[in-house]
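Descriptive structure summary
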Amino acid sequence: MAAEKKNLLGLTLKELEVFFESQGQQKFRAKQVFQWMHQKYVDNFDLMSDLSKDLRIRLNELSSVRLPDIISENHSNDGTIKWLFSSGVGQAIESVYIPEKDRGTLCISSQVGCALDCSFCATGFQGFNRNLSTAEIIGQVCYANRVLPRRNNNLPAISNVVFMGMGEPLANYKNVTKALKMLLADNAYGLSRRRVTLSTSGVVPNLQALGDDCNVSLAVSLHAPNDELRNKLVPINKIHPISELLDACWTYAKKQSNRYVTFEYVMLRDVNDSISQAKELAGLLKGKPAKINLIPFNPFSGSDYERSPVDRIRRFQSKLRELGIIVTTRKTRGDDIDAACGQLAGKVKNRVLTRLGEKKGRTVVS
Ligand code: SAH
Ligand code: SF4
């Protein structure tokens, strides 16, 4: 069987330069192809008009530019668009585009499923299959940029990218950091660090590494004000408890001249939404470069939790404010097409049963 052609979409500019040099080509060609892929969203060498014909033929022989295969596109009443992409036989991941007045946010996935098993999350509920490649991660951004103007010219272009789709980005460190660098690169998407946000449930060693490698904006899924409750909601807390996680956050913030870390807090009725829990939460974050984003729980089939009622969320938010904490409540978007936070389930088959990094074998689910 012929070897699969190299997918250039997932290569950083440096890697692409090495590839071109290894083919006896000049280095500057790499920059041209990089810009075609990530600024003009072109996946056909024959359309890359500043390359010689011979080079295009050679590139077609050796390589390709493969975006993820689209399975479906759903539009919400509020303008949100959800794309389902194939990630292998019977498997799929999701990306969500959220238009607002002055910006367009794309929420992307980093893994097929997630092994971290947070008890309130549809992705965790599905289990884990595999990490996405860099091409599959950046391909979501490339695809969305390419199709959006064809849908409606008035849609805001993608100005922000958040790693809040399926998967735990810091559990796929190498591929995710390469994609992050492409998002920031001037020759590619050229986004500022403020407009690229990685959300993590607290893979602390990799959070420390990220601060040195590529310190984009950080969101941390806290969800509980003490270890006892967080152990139940976010099981990775048993390995990296709150104090360790917060220390890593403050170190991260320092490396960005004390830019704020956003703490996500899912509002679960009668679980983590009492006034005493608001006080405990404020105690953890008071005086630190922190802001809280309350996320009303988005239900999915099979979940045991309920969303906190609006007045309870308001009381919780007011208490935090009164205690000097910056706090906002996230507007739920796209829930009519199951595109809201935590509802992304995609299709996860052949799950590797991993809990907190411990491999327990492989099973097939239908
Ligand atoms: N794995 C990363 C990023 C993906 S989840 C993380 O956990 O941070 C993105 C955000 O959605 C996280 O804050 C996550 O806790 C939250 N979330 C998960 N399930 C949810 C649900 N059912 N309702 C509301 N938010 C949810
Ligand atoms: Fe994974 Fe994040 Fe869902 Fe937890 S909340 S299971 S870390 S995707």
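Note that this is a predicted model, so its numbers are computed, not measured.

1. Considering the overall build of the protein chain
Looking only at helices and strands, the protein chain has eleven helices and 16 strands in total. Relative to the 2.2 N^0.38 estimate, which gives 21 Å for 366 residues, the radius of gyration of the protein chain is 21 Å and therefore close to what a compact globule would have. Along the three orthogonal principal directions, the C-alpha set of the protein chain runs to about 70 × 50 × 40 Å. Taken across its 366 residues, the protein chain has 55% of its residues classed as buried. For the protein chain, the computed accessible surface area is about 16,500 Å², with 48% contributed by carbon and sulfur atoms. Put simply, the protein chain has 51 plus and 37 minus side-chain charges, and the middle of one group is 3 Å from the middle of the other.

2. Some remarks on the pattern of salt bridges
Within this structure, the stated rule accounts for 15 salt bridges. Here Asp270 makes a salt bridge to Arg312, at a shortest N to O gap of 3.6 Å. Residue Asp270 is located in the loop between strand S12 (261–267) and helix H10 (275–285), and its partner Arg312 is located in helix H11 (residues 310–322); the two are separated by 42 residues in the primary sequence. With a relative accessible area of 58%, Asp270 lands in the exposed category. The partner of Glu322 in a salt bridge is Lys319, and the shortest N-O contact between them spans 2.9 Å. Of the two residues, Glu322 and Lys319 are both situated in helix H11; the distance of three residues between them amounts to about one turn of the helix. Through salt bridges with shared partners, a single network forms among Asp270, Asp273 and Arg312.

3. A closer look at the site of ligand 1
Ligand 1 sits among 20 residues. The nearest are Phe120, Ser199, Ser221, His223 and Asn298. In this structure, an oxygen atom belonging to ligand 1 sits 3.1 Å away from a side-chain N or O atom of Glu264. Contact between ligand 1 and Asn298: a nitrogen atom at 2.9 Å from a main-chain N or O atom of the residue. Summarising the interface, the protein chains cover 96% of the accessible area of ligand 1, which totals 530 Å² for the free molecule. Looking at the shell around ligand 1, the elements that each hand over two or more residues are strand S10 (196–200), S12 and strand S13 (290–296). Residue classes in the shell around ligand 1 are distributed as nine nonpolar, nine polar and two charged.

4. Focus on helix H2 (residues 28–39)
The terminal C-alpha atoms of H2 lie 16 Å apart, and with twelve residues this matches the ideal 16 Å at 1.5 Å per residue to within 8%. Taken as a whole, H2 has its buried residues at Arg29, Ala30, Gln32, Val33, Phe34, Trp36, Met37 and His38. With its phi angle positive at about 60 degrees, Tyr41 sits one or two positions after the end of H2.

5. Regarding the confidence of the model for the protein chain
Looking at the protein chain, the pLDDT average stands at 92 and 96% of residues meet or exceed 70. Across residues 355–366 the pLDDT falls below 50, and counting only partners more than four positions away or on other chains, this stretch makes 27 contacts in the model.

6. As for the nonpolar core
By size, the foremost hydrophobic cluster in this structure holds 113 residues, and its most contacted members are Val33, Trp83, Leu180, Leu183, Phe263 and Leu320. Among the elements that take part in this core, helix H5 (residues 134–151) stands out by supplying nine residues, more than any other. Summarising the domain contributions, this core has at least three residues from each of domain 1 (6–64) and domain 2 (70–337). Each residue touching Trp83, except ones within four places of it in the same chain, is listed here: Ile70, Ser72, Glu73, Ile93, Glu94, Ser95, Tyr97, Leu106, Tyr143, Ala144, Val147 and Leu148.

7. Details of the site of ligand 2
Cys114, Leu116, Asp117, Cys118, Cys121, Gly124, Gly167, Glu168 and Ser201 make up every residue found near ligand 2. Here the residues of the shell around ligand 2 sort into four nonpolar, three polar and two charged.

Conventions we followed
Residues numbered from 1 in each chain as written. Chains lettered and ligands numbered in written order. Predicted model: local features only at pLDDT ≥ 70, side-chain atom pairs only at ≥ 80, totals over all residues. Heavy atoms only, no water. Helix = DSSP H or I, 4+ residues; strand = E, 2+ residues; numbered from the N terminus. Rg over C-alpha atoms; globule rule 2.2 N^0.38 Å. Buried < 20%, exposed > 50% of the residue type's maximum accessible area, 1.4 Å probe, protein only. Areas by Shrake-Rupley, 256 points an atom, 1.4 Å probe, with all protein chains shown as cover. Lys, Arg positive; Asp, Glu negative; His and termini not counted. Charge placed at Lys NZ, Arg CZ, Asp CG, Glu CD. Salt bridge = Lys/Arg side-chain N within 4 Å of Asp/Glu carboxyl O. Near = heavy atom within 4 Å. Polar contact = N/O pair within 3.5 Å; in protein donor to acceptor, adjacent residues only side chain to side chain. Nonpolar A, V, L, I, M, F, W, Y, C, P; charged D, E, K, R; others polar. Expected span 1.5 Å × (residues − 1). pLDDT = per-residue confidence, 0-100. Contact = heavy atoms within 4.5 Å. Core = buried A, V, L, I, M, F, W, Y, C linked by side-chain atoms within 4.5 Å. Domains from an automatic or database assignment.

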